Amino acid sequence: MISSFVDVSAGLRRCLPERLALALATLLPALAVAQIPPASVLRWAEVAPGVWKATIGQPESLTLLSAAGATVPARDALAAMPPAAFPLAPAEIEGRQWDAKTTVRFPLAADEDIYGLGVDFTNMRRNGAVFELHVDHWDSKKAITGRTHAPVPLYVSTKGFAVLFDAARYLRVSVGHGVRLAAKVKPPVIDRTTGKGWQADPRSDSIEVLAGATGMDVYVFAGPSPLDAVRRYNLFCGGGALPPKWGLGFLSRVQTKYTAEQALADIAEFRKNGIPLDMLGLEPGWMSQAYPCSFEWDRTRFPNPKTFLAEVEKQHVRVNLWFNPYVAPETPFYAKLLPFAGTHLVWNGIVPDYTMPAAQKILVDHLTHTVVDLDPAAVGGFKIDEVDGYDRYLWPDTAVFPSGRDAEQMRQTYGLLLQRAVLDAFRRGNRRTMGQVRGTNAGASRFPFVIYNDNYEFDGYITAVSNSGFAGVLWSPEVRGSDSGEDMLRRTQAVCFSPLALYNGWASPQKLWTHAEVTDDIRAAIVLRERLLPYFYNTFAQYHYQGTPVIRPMQLVSSLAGAGQQAAGKLDATANPYEVPAAVREVKDQYMFGDALLVAPIAPNVKTRKVLLPAGKWYDFYTGKFAGENQTIEVTPSLAAMPVFVKDGSLVPMLAEDRQWAPAANESVALEIRHYGEAPGKLALYDDDGETFDYEKGDFSWTQLTAAKNAAGKWSGTVTPDASGRQWHYSEVRWTFMPAQ
Ligand code: GAL
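Residues numbered from 1 in each chain as written. Predicted model: local features only at pLDDT ≥ 70, side-chain atom pairs only at ≥ 80, totals over all residues. Heavy atoms only, no water.

1. Digging into the overall build of the chain
For the record, the criterion: Here a strand is any run of E in DSSP of at least two residues, a helix any run of H or I of at least four, and the numbering for each starts at the N terminus. C-alpha atoms define the radius of gyration, and 2.2 Å times the number of residues to the power 0.38 defines the globule rule. For this analysis, residues touch if any pair of their heavy atoms sits within 4.5 Å. To be clear on the numbers: accessible area is Shrake-Rupley with a 1.4 Å probe, and residue cover counts the displayed protein chains and nothing else.
Across its full length, the chain carries 15 helices and 34 strands. Relative to the globule expectation of 27 Å for 741 residues, the C-alpha radius of gyration of the chain, 27 Å, shows essentially globular dimensions. Dimensions of the chain, computed from C-alpha atoms along their principal axes, come out at roughly 90 × 70 × 50 Å. For the chain, the share of sequence-separated contacts (at least 6 apart) that also reach a separation of at least 24 residues comes to 73%. For the chain, the exposed surface amounts to about 28,100 Å²; the carbon and sulfur share of it is 55%.

As structure tokens, then:
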């Protein structure tokens, strides 16, 4: 043991004459080498198609995947992927275990780029960085540290695979940093005083991780492409989330102290202004006490919650209720939870040990019986706040919990445990939910929760959206009150092309119609969001059934991979077809939302921006006009619309008519299919009841849509219904071939 080496040396000095001690000490390096804990090659077992697991030492009983309940892989979907061999040389992957420390080393090739390792707001590529993956509120003033709302320890390699380190611990990860003595190829030794090319941080040939744990499970996800590897990860976690249809509409949160009357007036104002609304978020004031929380309606602001909810329901809106998990002494279930409390309070509330199923059941029972059951058609979800840290707003690292788990394990998993509890509460009533959460981790793919935070940097938010696609999570660049109409408009346009379209007015008296000069454009953005619901829903269905992330960062877009080599005529049988060209490595201000749409948000006060269009033809979403191909273009969009481009041959399913809220379960509406470009189009369009979990029992359909041009140059579309005849809520299909005539 390394620790015993230190002890021996100190002991010698204490009890032997100095000379003898010195002589013996010269022998110690040899002893020390002998005492380095041996590294062992990991033994891999294929645990699902294209997914391998290895275990080092004794993993702790609480892992990220177990906390998330991500224990039932979508095996059929994994089996439907192309067969894949183990993507690495097993002899190159080794682990070490000593005391309560576990390390793992993966090889890093000279031409390999690494992505993932959590939702970062500043960059995409991870090579050369050292992280401490740690659930925390993102600090925009600090350099990249790995402290973030979703520090998912999954890395994605441009060699076409992904690796997950499944330990509920703060993980230290070095990517290409720290050259090993045992490395077969080492950087050259150069004298700094006289030589050229000396490097302070010579590149290593490894990705190494350290966990303060007695062991760890490690997973490898095969490709063949990096996107396939992410798909396998999401499917291994049970498949991506499938929110209810209304969850993809618009959410607006009211000010903290709003009363029932004010909340209803807010809905009426939305309707009056013709701005679609599906969810109304109530902030801390819906509770009789917050920070810590009572989890009970406040009877001064909401004298009759049932009547209030009935009114909300009549307006085709669901409420989304804020909470943080710290339980106030006044809470009816406080006494029941007290035996499960950890050693420390947060805002004077207890911190229940939700790794214990009995504690989780108390919360789920309460949420189900006294909150959701009050009006299941009106209570649609929760916003789980303050589970991410800001070190000072959470339990300290000295805390311990009744299950024997410690502060660190709890911090890395608390958001996961609460998302699971809320999802369970809705599952009991066979109703889906759409929620928000401020801290999460690996295993979260199937949770219909979207992350948010208190920062507000536009560019950072868009990079977070991009990075979410590498992490099996969802991020929303929410809109808040604003000093200028342009700021509110540009942010609204961006949020409408993100996983959750959200105005967070908790701290502002402003409304989306405060800046009259932009109200028409804000309305247009949200109406478009609502009309694109079939497209967004289909994208989520792909996430659920095929594991394909909703948001695809440009580095995952296959027509970009290898493009640099292709252009240089270099791609041969030995070249890596997934190598990301240098120009794309750091693209962080645009992303694909689904198969068809390339979204290039434009920041407030920015007039012109560059957009990278991958290989293949791209068309302007609004006009259908050709925009470019395999090139970087510069756009100067009007205030009225944000740049969005469509891939050649895409079919974009939309609601044919403008709406103020999403279609209800089983409501049939007219569908418009837009075809873009010159290539023929093909799309499998998913549908189900949009509200329950019956799809898990097979109650869904995939309808095949195709568009083709005949010899006379005339386009037409065909619809081939699903043979099962189940769940199809479109009364008619109208085709538009862009540019529309
Ligand atoms: C913050 C949260 C805000 C808002 C506020 C209410 O922690 O990030 O979005 O909900 O609490 O007090």
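After that view of the structure, there is still more to cover.
2. Let's talk about helix H7 (residues 305-314)
Let me state the cut-off plainly: When accessible area is computed with a 1.4 Å probe and restricted to protein chains, residues below 20% of their type maximum are described as buried, those above 50% as exposed, and intermediate ones as partly exposed. The arc under discussion is defined with respect to the helix axis, by the directions toward the C-beta atoms.
For H7, the set of buried residues is Pro305, Phe308, Leu309 and Val312. On an axial view of H7, the arc spanned by its buried residues comes to 95°, and they lie on one face. Taken together, the buried residues of H7 touch helix H6 (260-273), strand E15 (279-282), strand E16 (318-323) and strand E19 (379-384). Note on H7: the residue one or two positions beyond its end, His316, has a positive phi of about 65°.

3. Observations regarding the environment of Thr256
Structurally, Thr256 can be placed in the loop between strand E14 (250-253) and H6. For Thr256, a relative accessible area of 23% puts it in the partly exposed group. Sequence-wise, Thr256 and Ala358 are 102 residues apart; in three dimensions their C-alpha atoms are separated by 32 Å. Filtering out sequence-adjacent residues up to four positions away, Thr256 remains in contact with Glu283, Pro284, Gly285 and Trp506.

4. Some thoughts on the domain arrangement of the chain
Counted only if it meets this: Residue ranges assigned to each domain were obtained from an automatic or database domain assignment. Take the accessible area each of two parts loses on contact, using a 1.4 Å probe, and add the two losses: that sum is the buried area. For this analysis, a salt bridge means a side-chain nitrogen from Lys or Arg found within 4 Å of a carboxyl oxygen belonging to Asp or Glu. Polar contact is defined as a pair of N or O atoms within 3.5 Å, subject to the rule that within protein one atom must be able to donate a hydrogen and the other to accept it, and that residues adjacent in sequence are counted only when both atoms are side-chain atoms.
You can read the domains of the chain as domain 1 (2-34), domain 2 (40-236), domain 3 (254-508) and domain 4 (551-646). When each unit is reduced to the centre of its C-alpha atoms, the spacing between domain 2 and domain 4 is 27 Å. Contacts between domain 2 and domain 4 engage 13 residues on the former and 11 residues on the latter. Summed over both sides, the interface of domain 2 with domain 4 buries roughly 1,200 Å², with 62% coming from carbon and sulfur. For domain 2, the biggest contributors to the area lost against domain 4 are Met124, Thr158 and Leu227; these three give 38% of the whole. Along the contact surface separating domain 2 from domain 4 lie one salt bridge. A salt bridge links Arg585 to Asp113; its shortest N-O distance comes to 2.9 Å. Scanning the region where domain 2 abuts domain 4 turns up five residue pairs in polar contact (both at pLDDT 80 or more).

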